[in-house]
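# Structural features, examined
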Amino acid sequence: MDMQSPLPPHSDFPNGRAAAYHDNSCHGEDAFLTRELAHHLALDAVLDGATGRGGWEASSYAAEILGTADIAGVDDLTTLLDQINRELFRRGRGRYFLTTIAAALKIGQELYVLSVGDSPVLLIRGGDVVPLTPAAKGQTFLGVANALGRHEKLSYKTASVSLQAQDRVVLVTDGIIENVAPSELAMLLAHASCPEEAVSAVRQLLGAKQRENKGRVDERGSFRRDDATALMRYVGLSDRPEP
């Protein structure tokens, strides 16, 4: 699916502040990036490399490219993803060097989401959870059916939403969403006044779940060990932590 690049809205809607929980101790194949590109422009992304298929190299390579390139709009982001996909496909021919990605590009008051694979993006607004990717809606991702490097021509899903002050944008990988339900994330963020507090709360929650061998509250399964990354942006919050 292609997304036409919109004209950047003439808005001074601030980026807010972001923080990330990142535990790569299981396979070492998650990656993430958060970039404050301008006062009104920010990019957040999480990547989950395919285990046993050069996932660490793929996720690290994609994060490095996205972390250093010039990005001023959606076209820049999609062009970079196409370039990354072609290079990973050239290296692995669709069998190796594979990674999922979920990216959220904030331009003024608009949020544009692009996803390849099964890393969910959620918008939490006033306690309600709005899924912004197919994986966030409960659709199961089987194997490596779609990932950066899987096909010669890149296929991705898109969504867009107008942000409001006090919105929370959350991007997560398997190690989070397989153990923490969206409703649990919403509750957690409702009690955390800033993203740094939210990171601490995620760490405590996952630690408790692992000790008790408990997974998502809506599935009542056991804890699933995996690399875990959660990137949380608090829209409307001051861009500087409290002293």
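Summary of the structure given here. These figures come from a predicted structure and were not determined experimentally.

### What to know about the sheet that holds strand β1 (residues 17-23)
If you trace the 5 strands from one edge of the open sheet to the other, you get β1-β10-β9-β6-β7, paired in antiparallel fashion. Two strands in the sheet have a free side with no partner beyond their single neighbour: β1 and β7 (128-131). Pairs of neighbouring strands in the sheet enclose a mean axial angle of 20°, with direction left out of account. Bridge count between strand β6 (residues 121-125) and strand β9 (residues 168-172): 4 bridges; the pairing is antiparallel.

### Side note on the side chain of Ser 115
Its location among the elements puts Ser 115 in strand β5 (residues 110-116). When near neighbours in sequence (up to four residues on either side) are disregarded, Ser 115 contacts Ile 101, Ala 102, Thr 133, Pro 134, Tyr 156 and Lys 157.

### Let's talk about the packing of helix α4 (residues 182-190) against helix α5 (residues 195-212)
Two numbers describe how α4 lies on α5: the axes approach to 9 Å, and their chain directions differ by 135°. Comparing their axes, α5 and α4 come out oblique. Considering the relative orientation of α4 and α5, their crossing is right-handed. Every residue of α5 that contacts α4 at Glu 184, Leu 188 and Leu 189 is listed here: Ala 198, Ala 201, Val 202, Leu 205 and Lys 209. For the contact of α4 with α5, a count of residues per class yields 6 nonpolar, no polar and 2 charged.

### What to know about the environment of Gly 221
With respect to the secondary-structure elements, Gly 221 resides in the loop between α5 and β10 (228-234). Among the residues examined, Gly 221 registers a relative accessible area of 35% and is labelled partly exposed. Once residues lying within four places of it in the same chain are set aside, the contact partners of Gly 221 are Asn 213, Lys 214, Gly 215 and Arg 216.

### Observations regarding unusual backbone geometry
Its identity as a non-glycine residue notwithstanding, Phe 97 has a phi of 60°, on the positive side. A residue is classified by how much of its surface remains accessible, and Phe 97, at 24% relative accessible area, is partly exposed. You will see that Asn 213, though not glycine, has its phi angle at about 55°, which is positive. Mapped onto the secondary structure, Asn 213 falls in the loop between α5 and β10.

### As for helix α2 (residues 74-92)
Here α2 contains 19 residues, and its C-alpha end-to-end distance of 27 Å stays within 8% of the 27 Å for a straight helix at 1.5 Å per residue. Considered for burial, the residues of α2 that qualify are Val 74, Leu 77, Thr 78, Leu 80, Leu 81, Ile 84, Asn 85, Glu 87, Leu 88, Phe 89 and Gly 92. Just beyond α2, the residue with positive phi is Arg 93, at close to 50°.

### Regarding the sheet that holds strand β2 (residues 30-38)
Strand order in this open sheet of 5 strands is β2-β3-β4-β5-β8, and the pairing throughout is antiparallel. At either end of the open sheet lies a strand with only one pairing partner, and these are β2 and β8 (157-162). The sheet shows a mean angle of 10° between the axes of neighbouring strands, taken without regard to direction. Relative to β8, β5 runs antiparallel, the two being bridged by 6 bridges. Counted as the bridge partner of Tyr 112 is Ser 160 from β8. In this fold helix α1 (residues 55-68) packs onto β2, β3 (41-49) and β4 (99-107), with an angle of close to 5° to the strand it touches most, β2. Contacting β3, β4 and β5, α2 crosses the sheet at an angle of about 165° to β4.

Conventions and cut-offs
Residues numbered from 1 in each chain as written. Predicted model: local features only at pLDDT ≥ 70, side-chain atom pairs only at ≥ 80, totals over all residues. Heavy atoms only, no water. Pairing = 2+ DSSP bridges. Helix = DSSP H or I, 4+ residues; strand = E, 2+ residues; numbered from the N terminus. Axes fitted to C-alpha atoms, helices over the stretch in contact; angles between N-to-C directions. Contact = heavy atoms within 4.5 Å. Parallel < 35°, antiparallel > 145°, perpendicular 65-115°, else oblique. Left-handed = near helix turned anticlockwise from the far one by under 90°. Nonpolar A, V, L, I, M, F, W, Y, C, P; charged D, E, K, R; others polar. Buried < 20%, exposed > 50% of the residue type's maximum accessible area, 1.4 Å probe, protein only. Expected span 1.5 Å × (residues − 1).

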